[in-house]
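Listed here are the chains, written in short residue letters.
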Amino acid sequence: NYIPHPDQGYWMMETQVTQDLYRAVTGQSPSRFEGDQLPVECVSWEDGIAFCNALSKKLGLMPAYKGTDNNCELVSGANGFRLPFEAEWAFAAKGGQDFKYAGSDNLNEVGWYGSRNGSGNVTNGRTQPVAQLKPNGYGLYDMSGNVWEWCADDYDNPGQHCLGASLRAHRGGSWDHYAGCCVVSGRFRNSPVNRNSFLGLRLSRSLG
């Protein structure tokens, strides 16, 4: 979907990367929870970079990264897929609206999350198929909850890709985290080589 940022518009995937898409591009199924329309998880930041380049090549686009590990360089002017920067992610998640979560002030309408008290969208301890709940104002699904989404940024230097960063940012909350983690403004971090069943992907593209 096109995201109409006033400085520079960009593209953002409507849904989190599904296992079906990830397998079609890489031939791999790394996820803990199996299902074609479930979000891919147990993918590291480095796995995300490799997937971006592989998908770009498959579709005839210029890869956005030189290299596929934590020391990869972002290629200026590339039209291929890349991980969104946190600011891009947050702007897209807001959807041109002013809600606490991505598309609503009521997380039950838009997000799958873990519950501490048994209320809300209890996920039965697993991910859920993408695009089952209400989208936000830009037509994006599950930007609050289901799986955290890796971002490009060095966690300690927001807005910077930074070669060799020890921590990479991710946004949005997950099936395994309570509602407070799913707010649009929330942010967290992990090692770029870490894989977990609450970590997934949503890709962006610069305008060609």
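As a reminder, the structure under discussion sits directly above these lines.
Being a predicted model, the structure only gives us computed values, none of them experimental.

Caption draft 1: Quick peek at the pairing of strand 7 (residues 168–171). Alternating residues of strand 7 divide into R168 and H170 and A169 and R171, and every residue in both groups is buried. Direction of pairing for strand 6 (residues 148–154) relative to strand 7: antiparallel, over a ladder of three bridges. Of the residues in strand 7, the one forming a bridge with E149 is R171. Strand direction decides the pairing type here: strand 7 and strand 8 (residues 188–190), joined by three bridges, are antiparallel.

Caption draft 2: Quick look at the packing of helix 1 (residues 19–26) against helix 2 (residues 45–58). At a minimum axis separation of 9 Å, helix 1 and helix 2 run at an interaxial angle of 70°. Viewed along their axes, helix 1 and helix 2 adopt a mutual orientation that is roughly perpendicular. Contacts between helix 1 and helix 2 involve L21, Y22, A24, V25 and T26 from the first element and D47, F51, A54, L55 and K58 from the second. Split by residue class, the contact of helix 1 with helix 2 holds seven nonpolar, one polar and two charged.

Caption draft 3: Summary view of the sheet that holds strand 1 (residues 2–3). The strand order across the open sheet built from four strands is 1-2-10-5, with neighbouring strands paired in antiparallel fashion. The strands lining the two open edges of the sheet, one partner per strand, are strand 1 and strand 5 (81–82). Direction of pairing for strand 5 relative to strand 10 (residues 204–206): antiparallel, over a ladder of two bridges. From the neighbouring strand, R82 faces strand 10, where its bridge partner is S204. Packing against the sheet, helix 3 (residues 86–94) makes contact with strand 1, strand 2 (10–12), strand 5 and strand 10, and its axis sits at approximately 70° to strand 2.

Caption draft 4: Expanded view of the state of the cysteines. Counted according to the given criterion, the structure contains zero disulfides. C52 takes part in no disulfide bond, and the closest cysteine sulfur, belonging to C72, lies 9.2 Å away. In this structure C162 is a free cysteine whose sulfur lies 11 Å from that of C72, the closest cysteine sulfur available. In this structure C162 comes out as partly exposed when scored by relative accessible area, which is 22%.

Caption draft 5: View of the side chain of S204. When you line up the elements, S204 lands in strand 10. Take S204: its relative accessible area is 1%, and that puts it in the buried class. If sequence neighbours within four positions are ignored, S204 has contacts with W11, M12, G80, F81, R82, L83, P84 and E88.

Caption draft 6: Here's a closer look at the pairing of strand 6. The buried count for strand 6 comes to seven of seven residues, which makes it a mostly enclosed element. Strand direction decides the pairing type here: strand 6 and strand 9 (residues 199–200), joined by two bridges, are parallel. When the bridges of strand 9 are listed, W148 appears paired with L199.

Caption draft 7: Structural view of the packing of aromatic side chains. In total, this model carries five aromatic pairs according to the counting rule given. Consider the rings of Y2 and W11, whose centres lie 5.5 Å apart with planes at 65°: the pair is edge-to-face. Taking the relative accessible area as the measure of exposure, Y2 reaches 41% and is therefore partly exposed.

Caption draft 8: Spotlight on the nonpolar core. Ranked by internal contacts, the top residues of the largest apolar core, which has 31 residues, are V17, F51, L83, L201 and L203. Of all the elements in the fold, those that place two or more residues in this core are helix 1, helix 2 and strand 6. A total of five residues in this core trace back to one element, the largest contributor, which is helix 2. Ignoring anything within four residues of it in the chain, the contact list for V17 reads Y22, L38, P39, V40, F51, L201, R202 and L203. Listed in part, the 15 residues of the second largest apolar core include I3, W89, A93 and A102.

What counts, and where the lines are drawn
Residues numbered from 1 in each chain as written. Predicted model: local features only at pLDDT ≥ 70, side-chain atom pairs only at ≥ 80, totals over all residues. Heavy atoms only, no water. Buried < 20%, exposed > 50% of the residue type's maximum accessible area, 1.4 Å probe, protein only. Helix = DSSP H or I, 4+ residues; strand = E, 2+ residues; numbered from the N terminus. Pairing = 2+ DSSP bridges. Axes fitted to C-alpha atoms, helices over the stretch in contact; angles between N-to-C directions. Parallel < 35°, antiparallel > 145°, perpendicular 65-115°, else oblique. Contact = heavy atoms within 4.5 Å. Nonpolar A, V, L, I, M, F, W, Y, C, P; charged D, E, K, R; others polar. Disulfide = S-S within 2.5 Å. Phe/Tyr/Trp six-rings, centres within 6.5 Å; stacked < 30°, edge-to-face > 60°. Core = buried A, V, L, I, M, F, W, Y, C linked by side-chain atoms within 4.5 Å.

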